[in-house]
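# Structure at a glance
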Amino acid sequence: MGDQISLRDAFGRALTSLGSIRDDFVLFDADVAGGTGAKPFVQAFPEKVVQFGIAEQNMMAAAGGFADTGIIPVVTTFAAFGTMRAHEQFRTAIAYPGRNVKLCCSHIGVDVGPDGPTAQMLEDLATIRAVPGVTVVVPADANQMLQALPAILDHPGPVYMRIGRSPAPVITPADSSFNIGKASRLRGGNDVTLIATGVMVARALAAAENLASDGIEARVINLSTIKPLDKEELLQAAIETGALVTAEDHSVLGGMGSAVAEFLAETHPVPISFVGVRDRFGKSGEPEELARLFGLTAEDIQKAAKSVIVRKKA
Amino acid sequence: MNDLRELARKIRVLAIEAIYCARSGHPGGSLSAADILGVLYFEELRVDPTQPRWIDRDRFILSKGHACPALYAALALKGFFPAEDVRSLRKIDHYLEGHPDVKIPGVDAPSGSLGMGLSQGLGMALGARYGKRSFRTYVLLGDGDMQEGNTWEAFMAAGHHKVASLTAILDYNGLQGEDLVTKQMNYNPIAEKLTAFGWNVQEVDGHNIDQLRAALAAARSECDRPSFILARTVKGKGVEFMENQQVWHGSSTLTNEQYQQSLKGLEA
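Remember, it's a predicted structure, so these values are computed and weren't measured experimentally. (Residues numbered from 1 in each chain as written. Chains lettered and ligands numbered in written order. Predicted model: local features only at pLDDT ≥ 70, side-chain atom pairs only at ≥ 80, totals over all residues. Heavy atoms only, no water.)

## Description of the overall build of chain A
- Along chain A, the regular secondary structure elements total 13 helices and 14 strands.
- In terms of overall dimensions, chain A is globule-like: its C-alpha atoms have a radius of gyration of 19 Å, near the 20 Å expected for 314 residues.
- Expressed as lengths along the three principal axes of its C-alpha atoms, the size of chain A is roughly 60 × 40 × 35 Å.
- Sequence separation of 24 or more characterises 79% of the internal contacts of chain A that already satisfy a separation of 6 or more.
- Between the centroid of the 28 positive side chains of chain A and the centroid of its 35 negative side chains there is a distance of 4 Å. (Helix = DSSP H or I, 4+ residues; strand = E, 2+ residues; numbered from the N terminus. Rg over C-alpha atoms; globule rule 2.2 N^0.38 Å. Contact = heavy atoms within 4.5 Å. Lys, Arg positive; Asp, Glu negative; His and termini not counted. Charge placed at Lys NZ, Arg CZ, Asp CG, Glu CD.)

Right under this line is the structure:
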């Protein structure tokens, strides 16, 4: 665990490197390229950018139409606008006809920091994963982002990808491939499984280290595709460890933890503790302060792990 | 000319037949759009029923998706699918959905939720420009579309980007779901607003084939502005007891008597 690189910087880097080798996509921007991380691409390839101004509903439905002409729109904006303001346009003009559009949104979770609740999108996974046929991807670090962008471009149909804003530790090797629909096991252990996504993966790894010093061996899974779920990996975790903690920088209502619970409730129910924002709006503050305020730290994951292990034994 | 009148008549007959068989569907707005659809499908649009997804086809979007009985009728007459299929509109085991679906041969965009058609058309036109394709894009708007904010975002963007290959036609029958447009939410004056948004605006009688034809030709000759054709129409046009009657806007079940009376009114 060394460098700290924000996912949006990695997104900009990934876009720019692909810009010179691929001709099959364009960037759709709603005057927030500086915020989403797309700015370097906009500067390097102005001819590959379609500008919509602050009008996300039009941008979203237009992306549906544009995709019909054979070029992939990479639609970028803040998650609040992409997954809520223009949600119906995404649903009806993109997902329903199965159009090849990649919606990449920054400003997710309390990771956003000082901008506060209006920009801290805590409901995007819930609103987007409810839409049929949509693939939902959440890279955990800069290395994953560099691999995830070409992977989603190669994956036909509508995809939603979360882009983090604040500096995040690099935790995966640069050469690991990004397979949509595949979770990766970052640490072995059979006492409990910590299933984390996005910036919470690094915290889950830290939690597992601390748990080990208390004699608890925690398995850590990076769930970087929320839809479709890696059912095999989740089932194995439920069977072999018998207790799970899910950790996400998102509301516990309808997010990744809910997706995991929905699947396991029908296949192999085990106790689950949900680490996430508990039915609240965000708040201004620094990301680390907010993580403490909303219960999203490595310590919170450790606590959840210990309590779920008690429930497993009960 | 006579052919087009006859084709528009057939569109009306098939649309009414579809709605009668479905026991639901929107007759008023289907009938008001029939002449516009006739001119588009049988004179203007470069489409090929044998290759519905041909990438260089002209695009047509029925933004007022509730008028799809008329669109399905036009597509059937054009040869995209058999005319008798319209009798299975809205049926559980059939493909003709209650509102346009891209799985239907010839349908280029989903609609039924007002306000998204013009944006999708704009996207197609921008895609044509980007991909150096020569196809044109046509969007048929209804009164309700004009009240959706999304439509105005699209007006703004199409004017800004000078998307000349985009033509919007407004089926301006002046009646919406519950009452007159002027009473529910008056969006007039239209021409002044859209001219200010950078559009070339023309006004025609939406049941006059020659005027529609001339306006579409003028739209084709525009090189740096999108075109807006304000087509004044009559809701329920062609079926006397439905004309200008707001009650026939909504999804309607036609009695056998009403059906026969409609067909009689539409006889050649």
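## Things to note about unusual backbone geometry
- With an omega of 0°, the peptide bond running from A:K227 to A:P228 counts as cis.
- Mapped onto the secondary structure, A:P228 falls in the loop between β12 (225–227) and α10 (231–241).
- Omega for the peptide link from B:N188 to B:P189 comes to 0°, which places this bond in the cis form.
- Relative to the helices and strands, B:P189 is located in the loop between α6 (181–184) and α7 (190–196).
- Even without glycine at this site, B:K132 takes up a positive phi of about 55°.
- You can see B:K132 is positioned in the loop between α4 (117–130) and β2 (137–142).

## Comments concerning the pattern of salt bridges
All names here are of chain B.
- Across all of its chains, the model carries 27 salt bridges over all chains by this definition.
- Between E203 and R232 there is a salt bridge; the shortest N-O distance is 2.6 Å. Of this pair, E203 sits in strand β4 (residues 200–205) while R232 sits in strand β5 (residues 227–232), and the two are 29 residues apart along the sequence.
- Residue class for E203 comes out partly exposed when judged on its relative accessible area of 46%.
- With a shortest N-O distance of 3.0 Å, D210 and R213 are connected by a salt bridge. Of this pair, D210 and R213 both sit in helix α8 (residues 209–221), separated by three residues, roughly a single helical turn. (Salt bridge = Lys/Arg side-chain N within 4 Å of Asp/Glu carboxyl O. Buried < 20%, exposed > 50% of the residue type's maximum accessible area, 1.4 Å probe, protein only.)

## Description of the sheet that holds β12(A)
Residues and elements named next belong to chain A.
- Spatially, the seven strands line up as an open sheet ordered β3-β2-β4-β5-β7-β6-β12, and their pairing is mixed. The open sheet has two edge strands with one neighbour each: β3 (49–51) and β12. Averaged over all pairs of adjacent strands, the angle between strand axes in this sheet comes to 20°, irrespective of strand direction.
- With five bridges connecting them, strand β2 (residues 25–29) and strand β4 (residues 72–78) associate as parallel partners. In the sheet register, F25 faces β4, and the bridge partner there is I72.
- Contacts from helix α8 (residues 142–154) reach β2, β4, β5 (102–106), β6 (135–137) and β7 (159–162), with the element oriented near 170° to β7. (Pairing = 2+ DSSP bridges. Axes fitted to C-alpha atoms, helices over the stretch in contact; angles between N-to-C directions.)

## Comments concerning the packing of helix α4 (residues 56–67) of chain A against helix α5 (residues 149–160) of chain B
- Interhelical geometry of α4(A) versus α5(B) gives an angle of 80° and a closest axis separation of 8 Å. In this view, α4(A) runs roughly perpendicular relative to α5(B), as classed from their interaxial angle. Residues A:E56, A:Q57 and A:N58 of α4(A) form the contact with α5(B), whose own contacting residues are B:N150, B:E153, B:A154 and B:A157.
- When its residues are assigned to classes, the contact of α4(A) with α5(B) shows two nonpolar, three polar and two charged. (Parallel < 35°, antiparallel > 145°, perpendicular 65-115°, else oblique. Nonpolar A, V, L, I, M, F, W, Y, C, P; charged D, E, K, R; others polar.)

## Section: the UniProt feature "domain: Transketolase-like pyrimidine-binding" (unreviewed entry) in chain A
- As recorded in UniProt, the feature "domain: Transketolase-like pyrimidine-binding" (unreviewed entry) lies at residues 5–170 of chain A.
- Along residues 5–170 of chain A one finds 42% helix and 19% strand; the C-alpha atoms at either end are 7 Å apart. (UniProt positions renumbered as here; feature names shortened; annotations may be inferred.)

## Some remarks on the sheet that holds strand β9 (residues 184–187) of chain A
Residues and elements named next belong to chain A.
- Read from one edge of the open sheet, five strands run β9-β11-β10-β13-β14, paired in mixed fashion. The open sheet has two edge strands with one neighbour each: β9 and β14 (272–277). Recorded for the sheet is a direction-independent mean angle of 25° between the axes of neighbouring strands.
- Inspection of the sheet shows strand β13 (residues 244–251) paired to β14 by five bridges, in the parallel sense. Bridge pairing in β14 places A247 opposite V275.
- Across the sheet, α10 lies against β9, β10 (192–196), β11 (218–222) and β13, angled at about 170° from β11, the strand it touches most.

## Observations regarding the interface of chain B and chain A
- Listed per partner, the contact involves 31 residues of chain B and 26 residues of chain A.
- Approximately 2,100 Å² of surface area, both sides summed, lies buried where chain B meets chain A, with 59% of it carried by carbon and sulfur atoms.
- It is B:M116, B:Y130 and B:E153 in chain B that bury the most area against chain A; as a group they hold 29% of the surface buried on that side.
- Summed over the shared surface of chain B and chain A, the number is three salt bridges.
- Linking A:D68 and B:R53 is a salt bridge whose minimum nitrogen-to-oxygen distance equals 3.0 Å.
- Put simply, chain B and chain A have twelve residue pairs in polar contact (both at pLDDT 80 or more) between them.
- Secondary-structure elements contributing two or more residues to the side of chain B that touches chain A are α4 and α5 of chain B.
- Of the residues forming the side of chain B that touches chain A, the biggest block, nine residues, is contributed by α4(B).
- Grouping the amino acids of the side of chain B that touches chain A by side-chain chemistry returns 15 nonpolar, seven polar and nine charged. (Buried area = accessible area lost by both parts, 1.4 Å probe. Polar contact = N/O pair within 3.5 Å; in protein donor to acceptor, adjacent residues only side chain to side chain.)

## Side note on the environment of A:G19
Residue and element names in this part refer to chain A.
- In this structure, G19 sits in helix α1 (residues 7–19).
- A relative accessible area of 4% places G19 in the buried class.
- Taking the C-alpha atoms as reference points, G19 and H250, separated by 231 residues in sequence, lie 31 Å from one another.
- Discounting chain neighbours no more than four positions away, the residues touching G19 are F25, F41, F45 and K48.

## Topic: the packing of helix α2 (residues 27–44) of chain B against helix α3 (residues 68–78) of chain B
All names here are of chain B.
- One can describe the packing of α2 onto α3 by two numbers: an axis separation of 9 Å at closest approach and a directional angle of 30°. With respect to their mutual orientation, α2 and α3 come out roughly parallel. Crossing of α2 over α3 shows right-handed handedness. In contact with S30, L37, Y41 and F42 of α2, α3 contributes P69, A70, L71, A74, L75, L77 and K78.
- Broken down by class, the residue content of the contact of α2 with α3 amounts to nine nonpolar, one polar and one charged. (Left-handed = near helix turned anticlockwise from the far one by under 90°.)

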